[in-house]
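# Breakdown of the fold
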Amino acid sequence: MTDQPSTAEGTGLAPAARLEPNAIGVAQDTVIGMASSAPAATIGLSLAALAAATAYGSGPVLLLTAIPMLVIANAYRRCNMWNANCGASFEWVGRAIDPYLGFLTGWLMVVAYIIGTVAEILLLGPSVLAVFGSTSTDTWAWIAIGSVVGVVMLIIAVVGIKITARVQVSMALVEYLILVGMAIWGLVAVLNHHPGTFPITKGWFSLSGIDGKGSAVAGFLIAVFVYGGWDGTLYVNEEVKHRRTNPGRAAIIAVALLAVIYTLAQVGFQGVVSPAKLQANSASALVYVAQALGGGFWAKMMALAIALSVIATTGTGIVLSSRIVYGMASYRALPEFLANVSRRFATPVAASIVVGILLIALTWVYLLATSVQNAFNDVIAVTGQLFAIFYIMTALAMIVYYRRRVFGSARDALILGVLPLGAAGFLGWILVRTLQNSPSVQRWSLIGIIALGLVMLLIARFVLRSPFFSIRRESDTPAG
């Protein structure tokens, strides 16, 4: 097995500084992965849609979706035990299967995290204003809030991973306390049949929902989107204590905790108000439910949780995207200056600044140029599909790398073969069903992203002359 930083020997690139090793622990890494998933903001976006799609059978759907996610998380863990590199799936797919597929996987990772983070930043203005009881739709106010938060989180990302982790933990404690506390409150209110609540029936515990009107497939489509982002624990692996083992453990812990939080929140909130009222207020479902539970003060507290969730995912978006970019640039698969690491801060400053500026610029373009909003919304809509693709590729990379172990014992056959193949198959099925149900413009958006990735691949191969494309394939052996 290998255990190398992004500036791998033999790449011809050896920056004068490296990312700070042993900077954060497994608990902080877990919080970073969870923050990347943005629990409060994600629940706010999916609460009404998931309740409607499953006819209130959302609890079983979320718990069942967690199973393949845990299997994929274990695939990440096993790949990281082989090669702890912040390029992660870019590196693993490239070394285990094919460097060209590895590059495309890395490209999809970068696009998914940048576009996904922009989508969250767009929620910043309304969320922050709601904390102060304002429903203003002033575009410039939203731009100002998004830009200020973006710059602050960029500075924190540049200064170091330690301060980033501390900030993330502080925000997470407040966000999760509000979210989980109010979810329990909501569940108690529903169980006690408070006036205005929607009662729990046996349909809540069925994949087909109440009266069999729910669609498990539609629920799975939403649930896969809901869980996306936990893999963020692996992109800071070079800065985590015991970097070969802890980032993978953090990924599994993050998925397990997200499963609990998402299921509790969905079941706890979806019955607080009637189905008609929940759907009528789907755009601000969490704040509306909090208002129904406890009045204006608690509505503002929920708005605070959502704002903190968005701020946190903005910070992790910059940190994680810059690490992936840094990992790719270390092989000259992206411009070489993006692989530079600051001696003072031990962070990829150039990559962080480029990512931060790009996020802010895209936010400005979206909010000011109404002509591009529909097109950009279509790109945002395929972000979940991008996550599914590189989750599948990572599972396959793990199977291919450990293929000689698969036939060594029944346990290895199950853990290294059957389960990851099944999880990849499940995500592949979800991906196909999503593409079948998506408008053609969204399918073309995905094709466009992949086509642009092919252009970038040709640039990396023939213009930047990246040594990554001549990298040798690796595999494990039972004795290795």
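Here's what I pulled together on the structure shown here. Since we're looking at a predicted model, the values are computed, not measured.

What counts, and where the lines are drawn
- In every chain, residue numbers begin from 1 and rise along the written sequence.
- With pLDDT at 70 or above as the cut-off, local features in this predicted model cover only qualifying residues; side-chain atom pairs require 80 or more to be listed or tallied, and sums for whole chains, interfaces and linings still use all residues.
- The basis for the side-chain values is all heavy atoms of the structure; hydrogens and waters are excluded.
- A run of H or I in DSSP counts as a helix once it spans at least four residues, and a run of E counts as a strand once it spans at least two, with each numbered from the N terminus.
- The globule rule used here is 2.2 Å times the number of residues to the 0.38 power, and the radius of gyration it is set against is calculated over C-alpha atoms.
- Residue contacts are counted whenever heavy atoms from the two residues lie within 4.5 Å of one another.
- Note that accessible areas follow from Shrake-Rupley with a 1.4 Å probe, and for residues the cover is restricted to the protein chains shown.
- Asp and Glu are treated as the negative residues and Lys and Arg as the positive ones, with His and the ends of the chain left uncounted.
- All charge positions are set by atom: Lys at NZ, Arg at CZ, Asp at CG, Glu at CD.
- Only protein chains enter the accessibility calculation, which uses a 1.4 Å probe; a residue whose area is less than 20% of its type maximum is buried, one above 50% is exposed, and one in between is partly exposed.
- By definition, no residue in a patch forms a salt bridge, and every one has over 30% relative accessible area; like charges are joined within 9 Å, nonpolar side chains (Val, Leu, Ile, Met, Phe, Trp, Tyr) within 5 Å.
- Take a side-chain nitrogen of Lys or Arg and a carboxyl oxygen of Asp or Glu: if they are within 4 Å of each other, that pair is a salt bridge.
- Here the expected span of a helix is defined as 1.5 Å times the quantity of residues minus one.
- Each Phe, Tyr or Trp ring, with Trp reduced to its six-membered ring, pairs with another whose centre is within 6.5 Å; inter-plane angles below 30 degrees give stacked pairs, above 60 give edge-to-face pairs, and intermediate values give tilted ones.
- A ring is scored as having a charge over it whenever the NZ atom of a lysine or the CZ atom of an arginine sits within 6 Å of its centre and within 35 degrees of its normal.
- Buried Ala, Val, Leu, Ile, Met, Phe, Trp, Tyr and Cys residues that are joined via side-chain atoms within 4.5 Å together make up what is termed a nonpolar core.
- Two cysteine sulfur atoms make up a disulfide if the distance between them is within 2.5 Å.
- Whenever a nitrogen or oxygen atom comes within 3.5 Å of another N or O atom, the pair is scored as a polar contact, on the condition that within protein one atom can donate a hydrogen and the other can accept it, and that pairs from neighbouring residues in sequence are kept only if both atoms are in side chains.

All right, on to the overall build of the protein then. Secondary structure assignment for the protein yields 19 helices and zero strands. Here the C-alpha radius of gyration of the protein, 22 Å, is about what a compact globule of 480 residues would show, namely 23 Å. Counting only C-alpha atoms, the protein reaches 70 × 55 × 45 Å along its principal axes. Once local pairs closer than 6 in sequence are excluded, the contacts in the protein between residues at least 24 apart make up 81%. Only carbon and sulfur atoms are counted for the fraction: they give 68% of the accessible area of the protein, which is about 18300 Å². One way to put it: in the protein the 28 positive side-chain charges average out to a point 3 Å from where the 18 negative ones average out.

Our next topic: the environment of Thr30. With respect to the secondary-structure elements, Thr30 resides in helix α1 (residues 26-37). Of the residues examined, Thr30 reaches a relative accessible area of 5% and is grouped as buried. Considered as a pair, Thr30 and Gln373 are 343 residues apart in the sequence and their alpha carbons are 34 Å apart. Residues contacting Thr30, with those up to four places away along its chain left out, are Thr233, Ala250, Ile253, Ala254 and Leu257.

Moving on to a nonpolar patch on the surface. Side chains of Leu452, Val455, Leu458, Ile459, Phe462 and Val463 sit close together on the surface and give an oily, nonpolar patch of about 560 Å² of accessible area. By the secondary structure assignment, Val463 is in helix α19 (residues 440-463).

For the rest of this paragraph, the subject is the environment of Leu173. For Leu173, the position within the fold is in helix α8 (residues 161-191). Look at Leu173 and you get exposed, because its relative accessible area is 60%. A C-alpha to C-alpha distance of 34 Å links Leu173 and Leu419, two positions 246 residues apart in sequence.

Now for helix α10 (residues 246-270). In this model, α10 (25 residues) spans 35 Å end to end at C-alpha, consistent with the 36 Å of a helix rising 1.5 Å per residue. With 18 of its 25 residues buried, α10 lies for the most part within the structure.

Overall, the coordinates contain five salt bridges when judged by the stated rule. Linking Arg95 and Glu474 is a salt bridge whose minimum nitrogen-to-oxygen distance equals 2.5 Å. Pair noted here: Arg95 is in helix α4 (residues 89-96) and Glu474 is in the segment after α19, with a separation of 379 residues, a long-range link. With respect to class, Arg95 is no different from Glu474; both count as buried. With a closest N to O distance of 2.7 Å, Arg323 and Glu239 form a salt bridge.

What follows is about the packing of aromatic side chains. Within this structure, the stated rule accounts for 25 aromatic pairs. When the ring of Phe390 is compared with that of Tyr391, the centres are 5.4 Å apart and the planes differ by 85°; the resulting orientation is edge-to-face. Residue Phe390 is classed as buried on the basis of its relative accessible area, which comes to 0%. With 6.1 Å between their ring centres and 50° between their planes, Phe426 and Trp429 make a pair best called tilted. Of this pair, Phe426 and Trp429 both sit in helix α18 (residues 410-437), three residues apart, roughly one helical turn. A network of ring pairs unites the aromatic residues Tyr76, Trp92, Tyr113, Trp230, Tyr235, Phe387, Phe390 and Tyr391 as a single cluster. Its end group placed over the ring of Tyr402, Arg78 keeps NZ or CZ at 4.8 Å from the ring centre.

Membership of the largest hydrophobic core comes to 161 residues, with the highest contact counts inside it found for Trp230, Phe269 and Phe390. Tallying contributions element by element places helix α13 (residues 296-329) first for this core, with 17 residues. Residue contacts for Phe390: discarding those within four places in its chain leaves Tyr76, Ser89, Thr105, Leu108, Met109, Ala112, Tyr113, Asp231 and Tyr235.

A separate point is the environment of Leu396. Relative to the elements of secondary structure, Leu396 occurs in helix α16 (residues 383-401). On the basis of relative accessible area, Leu396 is assigned to the partly exposed category, the value being 29%. Sequence-wise, Leu396 and Trp92 are 304 residues apart; in three dimensions their C-alpha atoms are separated by 9.8 Å. Every residue in contact with Leu396, bar those within four places of it in the chain, is listed here: Ile97 and Leu421.

Throughout the structure, instances matching the rule amount to zero disulfides. This cysteine, Cys79, is not joined by any disulfide, and Cys86 carries the nearest cysteine sulfur, 15 Å off. Cys79 gets classed as buried once you look at its relative accessible area, which sits at 0%.

This part is about unusual backbone geometry. Its identity as a non-glycine residue notwithstanding, Tyr56 has a phi of 70°, on the positive side. For Tyr56, a relative accessible area of 5% corresponds to the buried category. You will see that Arg332, though not glycine, has its phi angle at about 60°, which is positive. Tracing the chain through its elements places Arg332 in the loop between α13 and α14 (349-368).

We now examine the side chain of Thr105. Along the chain, Thr105 falls in helix α5 (residues 99-121). A residue is classified by how much of its surface remains accessible, and Thr105, at 3% relative accessible area, is buried. A polar atom in the side chain of Thr105 sits 2.8 Å from the backbone oxygen of Leu101. Once residues lying within four places of it in the same chain are set aside, the contact partners of Thr105 are Ser89, Val93, Phe390 and Met393.

Counting buried residues along helix α6 (residues 124-131), six of its eight residues qualify, which places the element largely inside the surrounding structure. For α6, the full list of buried residues reads Leu124, Gly125, Ser127, Val128, Leu129 and Val131. Considering only its buried residues, α6 is in contact with α5, α7 (139-159) and α13. Directly after α6, the chain includes Gly133, whose backbone phi takes a positive value near 80°.

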